[in-house]
Amino acid sequence: MKRSTLGIPVIVLALICAGGCATTEQASTPLSNGQMKAFFKQAQDPRRFWITVYDSENGPVFSGSHRLHPNQNIELKFLTGPDSPLPMFKVQGRGPREFTALIDTSSKECWTAFETFPLLGLTPLGPPAYESFPDHVSDTIRGFLSVLSTLKMGHLHIETVLVHVRAANGGLGAIGRQTDPAPDLVLGYPLLQSLRFFQLDYPAGVFRASSTLPYTPSDADLVATAPLEEMNGLLVTEGMVDGISGPILLDSAGDFALVLPGGTGSMAKHVGLGDLVLRNVEVQSGEGLELGDIPLPRVGRQLLGRFKVTVDNFQKIIYFERPDK
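Residues numbered from 1 in each chain as written. Predicted model: local features only at pLDDT ≥ 70, side-chain atom pairs only at ≥ 80, totals over all residues. Heavy atoms only, no water.

Caption draft 1: Spatial organisation of the nonpolar core. Counting residues in each nonpolar core, the largest one holds 66 residues, and the members touching the most others are L151, M153, F198, F207 and F320. Counting residues per element, this core draws most heavily on strand β13 (residues 156–166), which supplies 5 residues. Apart from the residues within four sequence positions on either side, F207 is in contact with I74, E75, L76, F78, F89, I103, M153, L192, F198, Q199 and L200. One finds L86, W111, A113 and V137 within the second-largest nonpolar core, a separate group that totals 11 residues. (Core = buried A, V, L, I, M, F, W, Y, C linked by side-chain atoms within 4.5 Å. Buried < 20%, exposed > 50% of the residue type's maximum accessible area, 1.4 Å probe, protein only. Helix = DSSP H or I, 4+ residues; strand = E, 2+ residues; numbered from the N terminus. Contact = heavy atoms within 4.5 Å.)

Caption draft 2: Structural context of helix α1 (residues 33–41). If you check which residues of α1 are buried, you get Q35, M36, A38, F39 and F40. On its buried face, α1 is in contact with α2 (117–120), β10 (123–124), β12 (143–153), β13 and β14 (168–169).

Caption draft 3: Quick peek at the environment of Q72. If you trace the backbone, Q72 turns up in the loop between β5 (67–68) and β6 (73–77). For Q72, a relative accessible area of 17% gives the class buried. For the pair Q72 and H270, spaced 198 residues apart in sequence, the C-alpha separation works out to 39 Å. Reaching out from Q72, the side chain makes a polar contact with the backbone oxygen of H155 at a distance of 3.5 Å. (Polar contact = N/O pair within 3.5 Å; in protein donor to acceptor, adjacent residues only side chain to side chain.)

Caption draft 4: Fine view of the packing of aromatic side chains. If you walk through the whole model with that rule in mind, you get 13 aromatic pairs. Measuring from centroid to centroid gives 6.4 Å for F39 and F144, while their planes differ by 45 degrees, and the two rings are tilted. In this pair, F39 sits in helix α1 while F144 sits in strand β12, placing the two residues 105 residues apart along the sequence. Relative accessible area serves as the criterion here: at 2%, F144 is assigned to the buried category. Cation over ring: R196 sits above F314, and NZ or CZ is 4.0 Å from the ring centre. (Phe/Tyr/Trp six-rings, centres within 6.5 Å; stacked < 30°, edge-to-face > 60°. Lys NZ or Arg CZ within 6 Å of the ring centre and 35° of its normal.)

Caption draft 5: The side chain of K308, seen in detail. Note that K308 resides in strand β26 (residues 308–312). For K308, a relative accessible area of 8% translates into the label buried. A polar contact of 2.9 Å, which involves the side chain of K308, links it to the side chain of D324. The contact partners of K308, leaving out residues within four places of it in the chain, are Q199, L200, D201, P203, R208, Y215, Y319, F320, E321, R322 and D324.

Caption draft 6: Representation of the environment of G246. In this fold, G246 is placed in strand β21 (residues 244–250). Sequence-wise, G246 and P297 are 51 residues apart; in three dimensions their C-alpha atoms are separated by 8.8 Å. Setting aside anything within four residues of it in sequence, one finds G246 in contact with T237, E238 and G239.

Caption draft 7: Structural context of unusual backbone geometry. Here the amide bond leading from G126 into P127 is cis, since omega sits at -5 degrees, within 30 degrees of zero. Along the chain, the position of P127 falls in the loop between β10 and β11 (130–132). For the bond running from P127 to P128, omega is -5 degrees, close enough to zero to count as cis. Mapped onto the elements, P128 comes out in the loop between β10 and β11. With phi around 50 degrees, D242 is a residue other than glycine that occupies positive phi space. Inspection of the secondary structure puts D242 in the loop between β20 (234–241) and β21.

Caption draft 8: Representation of the side chain of S210. When you line up the elements, S210 lands in strand β17 (residues 206–210). Using a relative accessible area of 0% as the deciding quantity, one classes S210 as buried. A distance of 3.5 Å separates a polar side-chain atom of S210 from the backbone nitrogen of T212.

Caption draft 9: Representation of the sheet that holds β17. With antiparallel pairing, the 6 strands of this open sheet are ordered in space as β6-β17-β16-β26-β27-β18. At either end of the open sheet lies a strand with only one pairing partner, and these are β6 and β18 (222–227). Taken over all neighbouring pairs, the strand axes of this sheet differ in orientation by 15 degrees on average, direction set aside. Relative to β26, strand β16 (residues 197–201) runs antiparallel, the two sharing 5 bridges. Bridging across to β26, F197 finds its partner in D312. (Pairing = 2+ DSSP bridges. Axes fitted to C-alpha atoms, helices over the stretch in contact; angles between N-to-C directions.)

Caption draft 10: Spotlight on the confidence of the model for the protein. Of the residues in the protein, 90% have a pLDDT of 70 or more, and the chain-wide mean is 89. In the predicted structure, residues 2–21 sits below a pLDDT of 50 and forms 48 contacts with residues beyond four places in sequence or in another chain. (pLDDT = per-residue confidence, 0-100.)

Here it is, written out as structure tokens:
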């Protein structure tokens, strides 16, 4: 995340967003000077939200975000059907209006479209402005950091949520991961990392999570475990593809089984994720998937979708379980 040279201007431009909550993708066009000025007219110092900003070698670090209430659990149904399970469900901002959220463990940030920004009730942070580019997908348009006072995921509430607003008209672009309709909000791994655990039950089409309560897998259904590692804001595990070991990125929203850096369509004879061993896994070319320049193998939901996948952030373990009967 980088600091922008933008200041806090004084010109006001009304932000107009027509239609429903779900974003309809259009051709992306950068924001005009007037739109940028109107956006940063609303900026507030991070300290007003009890957020402390520290400098580091990798850019600014924000302490005090993604605050949780204890002992809150949720179980939310996916909005998509069993033929194409996609971890999308309804959430709320600080008001009663509902928005569609997509869980994307390959994203280092949470994202929303410029059109959705005023509806969610976000407040830009600055000065200085904090900017970031989405490197998990092919997108050259930057986003500017804002804060959402409360994100309501059913009965689980997360306060002071950091969200990047894409600085373009026309929706989320590639960040929406080619879903139809595109999500209003993309929830990346840093937010999910604040939870005690979260679970993607693809076969049942359910997202489960807890703020502070632990998770115990079923001995009868547990297939394998893998070590949980965080690499520069990414959810990775140690694995192996055809004898080559190294970190593998878990991409909860990617519509593929396996993508290799620079690879073309083929078949991997042996894929290991911790104790989980899979054979004859289709390798898909990254062309056409609008994937960013992350030099790691990625496993997507065509592979993960066979299991009930639980990410235990406290124990640093990923559980792979058989679907519930």
